[in-house]
Each structure stands twice: as structure tokens, then as C-alpha cells.
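# Observations on the model geometry
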Amino acid sequence: MSYWSKHPEEIFRELNSSKNGLSSEDVKTRLGQYGFNDIPKRREKTALSLLVSQLKDPLVIALIVASIVSFFTGGEIEGITILAIVVINVLVGFAQEYKSEKALQQLAVLIKYRVRVLRDNKVSEVDTRNIVPGDIILLETGDRIPADLRLMEVDELEIDESIVTGESYPVLKSSNPIVAEKLGPQRMENMAFPGTLVVNGKGKGIVVSTGIKSTLGQMATYLKLTEPKTNYEKGIRNFSKFLIKGILIGITFIFIMNALTGKTLFDSALFSLALAVGIIPESLPIIITIGLSRGAILMSKNGVIVKKLSVIEDLGNMDVICSDKTGTITANKITLIDYVDLEGKKDPELLKLVCHCVSIVEDEKIVTGNPMDVAIFEYCKKQPTPTSTCDLVELIPFDYSRRRMSIIARNEGKLLLICKGAPESMFQVCSTMRISDKITELDKIRVQRLYDNLSRKGIRVLGLGVKEIEEKDNYSKADEQDLTFIGLLCFIDPLKPTAKQSITELKGLGVEVKILTGDSPLVAQTITEEAGMTVEMLTGSEVDKMDDEMLQKAIEKTNVFARLTPEQKTRIVLALSKNGHVTGFLGDGVNDAPALKAADVGISVDGAVDIAKEAADIVLTESSLGILRGGIVEGRTTFGNTTKYILNTVSANLGNVISLAIVSIIFNFLPMLPFQILLTNLISDGPLLSISTDRVDEEELSKPRNWNIKLISRFTLFFGVISSVFDFTTMILLSAVMGGNVALFRAGWFIESTMSEILVTFSIRTKKRFFRSKPSKILLGMSIICSLLTLLLVYSPLNTFFEFHPPSFLILLAIFGELALYFLTVELIKNVFNRKYS
């Protein structure tokens, strides 16, 4: 409802309240009607729900099916092994997400506080949960707003609304109705929003909305909406579809051809199912989980809590990061940055005079008051030598009618009136000005020009005037006249020291930074230009005038968005995703929650409001873009190593399946038994279980990589055919020397197909020549162990159990020679493929 446009009397009638507040009976009735003033907490995930969520992965489901097929095809050991992989994968994923969930629950504790309420015409303190619509809330400096309030009385009331609107500076509030049908939060000067903070003055307001109906509650409803599919989820889904299509086509073709060549339907069905399972990269889920868990552990050491493992890959693939300005690239703290004379030159004398001209409350280590006064106090306190020799005599307090304050101070034997305030208010009490140590008549146009130049840079400015005054018993605002205008004090929410470097580093990683803020265009432009960005800007009102198609075009060339509402931020994030970007959003305010939810990667900080942390996928212990760099690199390392596994395993498996399918038609015996096919798959996957420890080339980390099913399918066919050619060569060799010994044929091909997949990993893992990219020691060690295990199974007494007959030394040498030729062929041809398709 448009409470901002109504007079207090109308609201009293509408809410059946009065200036004396509600009665105790009314409060009880309304608590039953409206419920407690609680913002909905996120539904905490139980251990069971986290465990079940691990089983929803499409590849995990495929593995469970594969294990069942293995049991029916005589591969009990293989079936047990696949199930073990599933269990390990589920437990590792569960352990990491359970740990993150517990950490998040600790972060998400809601702070309860009390407020002063007028009830039964008496002031009392109550828990904010018990606030109801119609209650009259009394506000003073330091109070946090408990619900949506329509302000009825204000006395120099200023509220910090940055968590709702993104505004860096406190807002001066009014109680007057605003004639407008629709307003953004930034323009609701007679409203106060839950979670915001009173920084100056006092006031009184009537509660118009509580709980889920409040501004904060409406944001919370976004947490209950179904999240859009992330880039990772889309990639896994598309890859699963690709595998399923390949498996179904393969099963059908192999079954038909084997049945037509005289083999029994049962044997044909078992063989085709075994081959189909052979295509599945069964270690993929655990390889992804191990990689993501490793990344999550490393990131947590650097102050990053990952709520959901899969988001690490999305973080790595992210190519656009949308960030709120306040508190992310700025310090979220108003700071005195300069003090200049009327020629624009720094003048230390201004600091000496103004350091006592502040109205603050200093309580132990906490300083409260007007943010600009606090900024002056803190700046002066940090100076290595005492800033001022003034002795404070009297203070003439600030008020909004005159928009200035003064002090009477004794300085070097002189009694001075020192006055500071808005430049336009200083014009009213200054008659002269100081230029180059000379006192001349006040030139308002000159001072206004300097003021305007600073304001255009997003700088807040206060004027400073001074005069000698005679000593007397009492001083008042009437003494503020005939002052000399001597200079300007400059304030801004400054850029963080690391912001510029962080933006440059992200750009170097191929991640574009876009600033989405509720602050003014001038402030947004100044800060982003200072951060080294070339500004192309749109405002919220301009965004509203665009349809979705126009917005999708405009956002590609725009990097700063100002005066945005939460809905506009969300719309921009969704438009970027529709354009094919993997989009991250970093924010910490209530106004950021919807965009955090909509992004592929929602990132918040420990000090954020609870609702922002609820909506995020990642929680940082520090609000900084710089901390993300390590996470992005970890995500890309994980994705790069996952891709190595997929390309290697699926292409090799496809090659083997093609070879077996065709040869099974030609030969009157099965070239490999179903359980031997699954054993080949299991051993060749052994080294790749350590792929998450492998190094990824710097070139692969320099820009985002996405799931590219077309590239995977081309690679699979291209190198699968090469693998199949060498499989045929091996089969021709083995058929020539087997002398009717089928076990010898199967043993020889088992060695070739298993070791070829292990060996070719060292070529496929890099686009460089294999000797120019050093693999991890663990990958190298596991490859040697699994190669020796392959030979052991054939040349030890275990061969009878696996129905192998060991080939002679000469045959083994011939197989090794063929493996070397295969490796060199892949090493030469991969450059052709990479130039054409990568």
C-alpha cells in the first residue's frame, strides 16, 4: 500500500490505531492475526536431506544402473567396485556440504533486539518479535528499525539505509506525505525499513508491515523460490543426455548385429549391455567430488565458505561478476579525504580549526554521531601530531533548519567562532572569503563553481567559515553572521585499496566486472573510474523503459548500473544469463538477496545481513573482490581436470566399444568377456582418480571454460576412431598369433586397451607437447602402479581367475611398440584438432 502518500490520520484510521498506541488487548489480537515479526529463516538442511541430495546426480543414477548390469553380466567384483565408488562419492560430497551447512548455521544466527514502543499511552521496551501493525515506535540515535514504519514525527532524523537502497550516505527523513503512485525505496523519505539504522536525531513512526509482509520479508520470499538451473547443472544434464543417446544407439546396434550373426539373444543382450556400461565414465562423479572437495578445503583456508560443492565449477566458469558498490569496492565508511582552500589547494589550517567542530558521542572504542562528524574526528585522531591547539569553549549544535553547526574556541589567544555546514547555508552567514591569505568580498559564483566541480566527482562537501568573536556569557546561532568563508571539507565512501588491483586481476582472468548499485549515478561513476573502469552507465529508470530484448543488448556494453531497485538488479542478472554468460553476483544487503538467488554464483560475506547470506552459494569472511581470484582459479583447475577425464575416458571407451562391436560380428567368439570389459574400465580409471591433483596449464586458467558438448562429441569421435584403428591393428596381430587360443587374444587386447588409455592421458592432458607440461607426481605414480597391475593380472597365477593366457615376450614387445606408435599419433594429431575445433 502507498503509505508514503497518506497523512498520519488516514493511517491511524486504516490500522485502527491512535497517537497513544495500541492497547495490550489489541496487541494480543494482532499477534494472532499477523503472527510474530519474524523474517522467515532458511529451512536448515538436515543430515538426511543432504545425503539424499547427493543421490540426485544423473551420473550417480547411471552408475547405480551400471552396477546392476555388472552383477547380471558376471561382473560381481566390478559391480561392487562401482557401488563402492558411488558410496565414496556420496559420503565425500555429504561430508563437505554438511560441514558447510554447520558453518552457515553459525553465521546465520539472527540477532534479537528490543525497541521502545508506545502502548496504552506508556513507553515500554519490547522484543522486536512482538511488534504488530499499528504499534507506535519511538526512534533515537543507535536504534535499528524493527519493521516497515510510516514516520509521523521527525527531529533531524537520519537513517543509514545502505543495506536496503545501496545509498552510501544517511538519508534525512521527513514526515510529510509524498504525492506519487509509485516510488523506489530511495525516494521514500517518510518511510523507514527494517534492518536500517538511525545515525542521528529522533522520531516516531507507526508500524505498517511486519514479518513476511515487510520490505525485508518480501526479499526473504525469494529464498523460497525455485532456483534457476546453474551452468554446472545444465552442463551435467547435457552431458548425461549425450551419454544416454550414445549408449542407446550402441546397445541397439550391437544387439541387432550380434543376434543376426548367430549368437544367442541372451548372450547378445549381456554383451551389448556390458559394452554400454563400458562407455559410462563411472569415476566421473567421484573425480568431480574429490576435485571440488579439495578446492573447497583450500578456499576455506582463505576465508571462503562453500555452501554447495558444485558451485566451485560455476565460479571457475564465471565470465561476468556483478558487484554491489557499497562495501565491496568501497569501504562502506564515509571518510574525510581532503580539505581545500577556495583555490582548491590543500590547506592544513582547515583541519586545525574543524577538528573540534563535531558533535559525536565517544563510548570506549565506539564513536557515534553524524557520519561526517565521525569522519572528521577519526581523521584528526590518526594524525601523528596534535591537529589543533584550539580549546573548546561552547558548542552551538546542528539543526536542519539552518544546516550548519558552530563552536566557540580559543586559539592562540584569539576567541573564534568556527562554523561548518552545507555550502549553500554558509553563503547565508559569510560576507567575505579568504583567497591567497587575503580577505575579499565573498564571490558566491566562484565558490559555487569549486563546489560543483567536486560534487560532479561524487564528493560530499561541507563549507567552513570563521571569525573572531568577543567573549560573553552565552552564544547562540544568532552569532553566525559576517563570517569569512575559508575552505571546503571533502568526503567520500572511498575505494578499497585492493579494489583496482582486484578488478584488473579479474579482467586478466577473463571475468568482466559490472557494478550494480542503488547509489547515485555521480557517486557510482566517480568510484568506478577511480577503480580503473571505463564507465558505460544505465540508471534504473532507463532500465525500466527497456523490454527484455532491448535490455539484453544494452547490458553487453554497459558496466555500471545506478539507482537500481532489487527487482532491477535481478532482471539484469537474469538477462546476462539469457545471453549465455555464467554470472556471479557479490552483495551483502537486503536489496541484493533476489539477485544473489538468481545468479549462477551468489556470493555474500560474513558481515552481510542474514537474508543475503541465505540467498548466497558462497560466503566470504571478507567483503572483497580480491578474495575471489583464488576461488576462480580453483574452479577452473577442477573443471580443467574434469574435462581431461571426460575427453580421455569417453573417447577411449568409445574406441574400445566400436572395435569390440565390429569384431564381435566377424569373430565367432566374444573378443572380451563382459566382466573383462568392466575390469578394463576399472583399472584404466585408476590413475584418473588422482586427476584432481594434476597441474593445469596457465593458458587454460586464463579465461572461463564452459561445458561444450559439441566439442566433447567431436573429440570423442575423432580420437575414438584413432583408438579404434589401433585396436584393430592389435586384434589383427593377436588373431594371427593366437592359434585358436581365445584366452591369449583376450589377454593381449586387455593389455593394449587398458594401457593405451593410461598412456594417452599424458598427451590429452595438455594442448602443449607432452614434455612441456609436467603432470602431478600422484598422477604419474598411479599410472605406473595401474600399468604394473595390468601386467600382473595377466602374468601372475591370477590369470586363470580372469581367464587370461599370458602372451609371449615378443608379442608383448609388439603391443608396446603399437602403444608407442598410438601415443605419437595422438601427440601429432591433437594439434590439428585443437587448431580446428578448440
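Please refer to the structure placed before this passage.
Here is a short report on the structure shown in this document. (Residues numbered from 1 in each chain as written. Predicted model: local features only at pLDDT ≥ 70, side-chain atom pairs only at ≥ 80, totals over all residues. Heavy atoms only, no water.)

### Focus: the pairing of strand β16 (residues 430–435)
The line we're drawing: A pair of strands is treated as paired once DSSP finds two or more bridges between them. Segments assigned H or I by DSSP are reported as helices when at least four residues long, segments assigned E as strands when at least two residues long, and all are numbered from the N terminus.
Where β16 lies against strand β19 (residues 483–492), 3 bridges are found, and the strand directions are parallel. Of the residues in β19, the one forming a bridge with Thr432 is Thr484. Here β16 pairs with strand β17 (residues 438–441) via 4 bridges, running antiparallel. By the bridge assignment for β17, Thr432 is matched with Glu441.

### Concerning the packing of aromatic side chains
Formally: In this scheme Phe, Tyr and Trp rings, the latter by its six-membered ring, pair at centre separations within 6.5 Å, and the angle between planes marks the pair as stacked below 30 degrees, edge-to-face above 60, and tilted otherwise. Should the NZ of a Lys or the CZ of an Arg lie within 6 Å of a ring centre and within 35 degrees of the ring normal, that charge is described as sitting over the ring.
Using the criterion set out here, one finds 13 aromatic pairs in the structure. With a centroid separation of 5.6 Å and an interplanar angle of 70°, the aromatic rings of Phe719 and Phe833 are classed as edge-to-face. Of this pair, Phe719 sits in helix α26 (residues 709–737) while Phe833 is found in helix α29 (residues 809–837), placing the two residues 114 residues apart along the sequence. Here Phe801 and Phe802 contribute two aromatic rings whose centre-to-centre distance is 5.0 Å and whose plane-to-plane angle is 90°, an arrangement assigned as edge-to-face. Connected via pairs of aromatic rings, a cluster forms that spans Phe715, Phe718, Phe719 and Phe833. Note that Arg129 overlies the ring of Phe36, its terminal NZ or CZ placed 4.2 Å from the centroid. Cation over ring: Lys346 sits above Tyr339, and NZ or CZ is 4.4 Å from the ring centre.

### A word on the environment of Ile709
Here Ile709 is to be found in helix α26. Put simply, Ile709 and Ser240 are 469 residues apart on the chain and 10.0 Å apart in space, counted from C-alpha to C-alpha.

### Observations concerning the pairing of strand β20 (residues 512–516)
As a reminder, the rule being used: Throughout, exposure labels follow a simple rule: accessible area from a 1.4 Å probe, protein chains only, divided by the maximum for the residue type, with under 20% read as buried, over 50% as exposed, and the rest as partly exposed.
In terms of burial, β20 is largely enclosed, as 4 of its 5 residues are buried. Where strand β9 (residues 320–323) and β20 come together, 4 bridges link them in parallel fashion. Bridge pairing in β20 links Val320 to Glu512. By the bridge criterion, 2 bridges tie β20 to strand β22 (residues 560–562) in an arrangement that is parallel. Within the sheet, the bridge partner assigned to Leu516 lies in β22 and is Phe561.

### Some points on unusual backbone geometry
Peptide bonds are, in most cases, trans, and in most cases residues other than glycine have a negative phi. The backbone of Asp482 shows a phi angle near 55°, a positive value even though the residue is not glycine. Examined against the element boundaries, Asp482 turns out to sit in the loop between β18 (460–468) and β19. A positive phi angle is found at Glu803, which is not glycine, with a value near 60°. Position of Glu803 relative to the elements: it lies in the loop between α28 (777–795) and α29.

### Topic: the sheet that holds strand β21 (residues 537–539)
Basically, it comes down to this: Working convention: axes come from line fits to C-alpha atoms, limited for helices to the stretch in contact. Angles between N-to-C directions cover 0 to 180 degrees. In this description, contact between two residues means that some pair of their heavy atoms is separated by no more than 4.5 Å.
Taken in spatial order, the 8 strands line up as β8-β25-β24-β23-β9-β20-β22-β21 in an open sheet, and their pairing is mixed. With one partner strand each, in any of the chains shown, β8 (304–306) and β21 form the two edges of the open sheet. In this sheet, neighbouring strand axes are inclined to one another by 20° on average, regardless of whether the strands run parallel or antiparallel. Looking at chain direction, β21 and β22 are connected through 3 bridges and run parallel. Opposite Thr539, over in β22, you have Ala562 as the bridge partner. On the sheet, helix α20 (residues 566–578) packs against β9, β20, β22 and β23 (583–586) and is oriented at approximately 155° with respect to β23.

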